[in-house]
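So the chains spell out like this:
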Amino acid sequence: MKSSSEFYLDDVVIRLVQFSVAWAVVAMAAGVYLAAELIWPTLDFGQYWLSFGRLRPLHTNGIIFGFGVSALMTTAFYSVQRTSHVKLFTPGLAWFCCYAWQLIVLLGGLSLLAGYNTSKEYAELEWPFDIAIAIVWVCFGIVFFGTIATRRIKPIYISNWFYGALIIVIAMLHIVNSLAIPATALKSYSLYPGAQDAVVQWWYGHNAVGFLLTGGFLGMLYYFLPKHAGRPIWSYRLSVVAFWAFVYSYIWAGPHHLHYNAIPEWVQSLGMVMSIILLAPSWATMINGIMTVSDAWEKLRTDPALKFIVLSLAFYGLATFEGPMMAIRSVNVVSHFTDWTIGHVHSGALGWNAMITYGTFYFLVPRLVGGELYSVRLANVHFWLALAGTMLYIMSMWGAGVSQGLLWLSVDQIGELSFSFKDIMASMTPYYALRLIAGIIFLLGTILMAYNLYKTIQGRQASKVEIPAVNPAYGIS
Amino acid sequence: MNGLNLHKRIEENTGLLIFGILFVSAIGGLVQILPILDQDSLNTATENSHLYSPVELTGRDIYIREGCSVCHSQQVRPLIAEVERYGAYSRADEFIYDRPFLWGSKRTGPDLHRIGGKYTDDWHRVHLIDPRVVVAESIMPAYPWLAERPASAASDITAKMRALRTLGHPYSDEDIEAAPDELVDLTEIDALIAYLQVLGTAYVEEDAP
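Residue and element names in this part refer to chain A. One way to put it is that helix 9 (residues 279–293) packs onto helix 11 (residues 304–327) with a least axis distance of 10 Å and a crossing angle of 160 degrees. When the axis of helix 9 is compared with that of helix 11, the two are roughly antiparallel. Taken as a pair, helix 9 and helix 11 cross one another with a handedness that is left-handed. For the pair formed by helix 9 and helix 11, the contact residues are L279, S282, W283, T285, M286, G289, I290 and V293 on the first element and L306, V310, L313, Y316, G317, T320, F321 and P324 on the second. Among the residues making up the contact of helix 9 with helix 11, the classes are represented as 11 nonpolar, five polar and no charged.

Written out as structure tokens, the structure reads:
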């Protein structure tokens, strides 16, 4: 006779996949609409809630907190059970995290459209939402660390460290950066004035990218890449070194967002140097990942899920090289305030975050419901759409950003500005049109995946997976 | 104890792992962020600092609400081309009363830190209601609703000023009591224009460039 505690809790994992994919479609569609508004500015039809300045935070928050965090909860809940050989700690709280988080993203998104917006990037939600986020985040931590504390396997697997760093560091960043004095029910003023607010905000902003979009997704990589390739991590020791180097050095890099701004120069220089150092742990992880698949290349021909994950590693390498380069002050003087930044963000968000999530979902969902993927062919089509969309996106923004940066700074022989801002802005239309096409291509791929996964799940239940016996060599005695 | 043994202990102990992550990730913030928060020149008012009037504050909050900072920076960098294009580069003491800061990260449109006084109120009014009337190439959204909504409706001005006073903005009781009257008969577009017109104007030109 078996008690239910001998099965993994996977229902909540499937539900989180569904939410994550839904947010991907909604938030990417918002992105496509924004791209169109930059070409046809009257597309908001005089409706305040469709206005660029309100829709843009919905796009970024929907992607990061809707799509991204839901995907991270999905994979953290799935893999922490497998690597600990126990069911999720406090299943009720796991369900609470799942639904409460979606409610925050939904109501938060609507509040952004209504104009309740702190203006601090990726921390736009007003103070009641900040408190709700902190509460759900602590619950996420209790479920996650509780599962680890009750584990039956002695070592804590590397993927769990990255999820652990995600939970701990994002909590720290979120709380410090959100400190504010409420004035009304949905309006607050930051505890920090001007330049200090800027430094705190980019300490947060850069590390939200660092510990959520990089660290969290590295947790995904460290579990699903070896699992999928059928190979152990190439060098576990390298992953250990890279982890601590990553946690230590990422946090310093924020001030590269404020080069030549009105903050002390030593902070800018420190941020620049640490950003360049950050290349080492980033690429150590990439090399570790590439070497892990190096004996399983033949799978790349047949398996779209692994193709997505390996391609995501390539874009991870590209983005983590480009980032430190853009952090160098003499490069940043051109790239800052331009569309190059937008391109850089998307080489990370589309090429790395979205692709590794897609690869993981194509791998995970059939297993969760004990069936086959509805269509491998559609997944392959999706792969090429995602690659084409990402490449076109990055290249159009490189073109736009480098032109803006150089033309803004250009002066003639007698020191007069060569071009008016208006003319430079007007010359962006072809790049913006290419970007719109890129976004539509990428969104189409995502919709194909949503359909594919829907058909895979349709009519099936989460399969009950029994918790296996523990190898005595690694068990907790 | 050698490093591998220590690490074996960390990777088998949940509490140690949590503590390790918290400790290692906090170092950067402690060394880099705390000194900035402690630096008085970044939070002490000078003659370059401007305390926003109730109308300007209302306008600033509308600027935030509409997400203007998504496309407009308020930060002139100390570069020849930028100083020529926009005016004197931005100083930290000009932002003492900016909560939150609105430096931005993207210039889809031009920088606005030195926009104050460059155009007339009428130009701004026409431009905000339909940008393409005055700048044919503009891709800025139109904000027709600003001209229709009363400034006082979107503004709990006394509550806001009190909140800012707890943070050290020197509003007197009389300032706060008189504030609602200043907003009477104004629309949101009036308040926003008042804010735009004061942007970057408090700066006192020094002899050095």
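There's plenty left to go through after this.
The subject of this paragraph is the side chain of A:T74. All names here are of chain A. Structurally, T74 can be placed in helix 2 (residues 52–84). Look at T74 and you get buried, because its relative accessible area is 0%. For T74, the side chain forms a polar contact with the main-chain oxygen of S70, separated by 2.6 Å. Here T74 is in contact with V13, L16, V17, F361 and L364, once residues within four sequence places are set aside.

We now examine the environment of A:V247. With respect to the helices and strands, the residue A:V247 is situated in helix 7 (residues 236–250). Considered as a pair, A:V247 and A:F162 are 85 residues apart in the sequence and their alpha carbons are 9.1 Å apart.

One can find A:G31 in helix 1 (residues 11–37). For the pair A:G31 and A:W252, spaced 221 residues apart in sequence, the C-alpha separation works out to 30 Å.

For chain B, mean pLDDT is 94; residues scoring 70 or higher make up 97% of the total. Our summary of model confidence lists the complex with pTM equal to 0.95 and ipTM equal to 0.95.

Residue and element names in this part refer to chain A. Interhelical geometry of helix 2 versus helix 6 (residues 194–229) gives an angle of 40 degrees and a closest axis separation of 10 Å. As the angle between them shows, helix 2 and helix 6 are arranged oblique. Between helix 2 and helix 6 lies a crossing of left-handed hand. For the pair formed by helix 2 and helix 6, the contact residues are I64, F65, G68, V69, A71, L72, T75, Y78, S79, R82 and T83 on the first element and Y204, L212, L213, G216, F217, M220, Y223 and F224 on the second. Residue composition of the contact of helix 2 with helix 6, by class: 13 nonpolar, five polar and one charged.

What counts as what
Residues numbered from 1 in each chain as written. Chains lettered and ligands numbered in written order. Predicted model: local features only at pLDDT ≥ 70, side-chain atom pairs only at ≥ 80, totals over all residues. Heavy atoms only, no water. Axes fitted to C-alpha atoms, helices over the stretch in contact; angles between N-to-C directions. Helix = DSSP H or I, 4+ residues; strand = E, 2+ residues; numbered from the N terminus. Parallel < 35°, antiparallel > 145°, perpendicular 65-115°, else oblique. Left-handed = near helix turned anticlockwise from the far one by under 90°. Contact = heavy atoms within 4.5 Å. Nonpolar A, V, L, I, M, F, W, Y, C, P; charged D, E, K, R; others polar. Buried < 20%, exposed > 50% of the residue type's maximum accessible area, 1.4 Å probe, protein only. Polar contact = N/O pair within 3.5 Å; in protein donor to acceptor, adjacent residues only side chain to side chain. pLDDT = per-residue confidence, 0-100.

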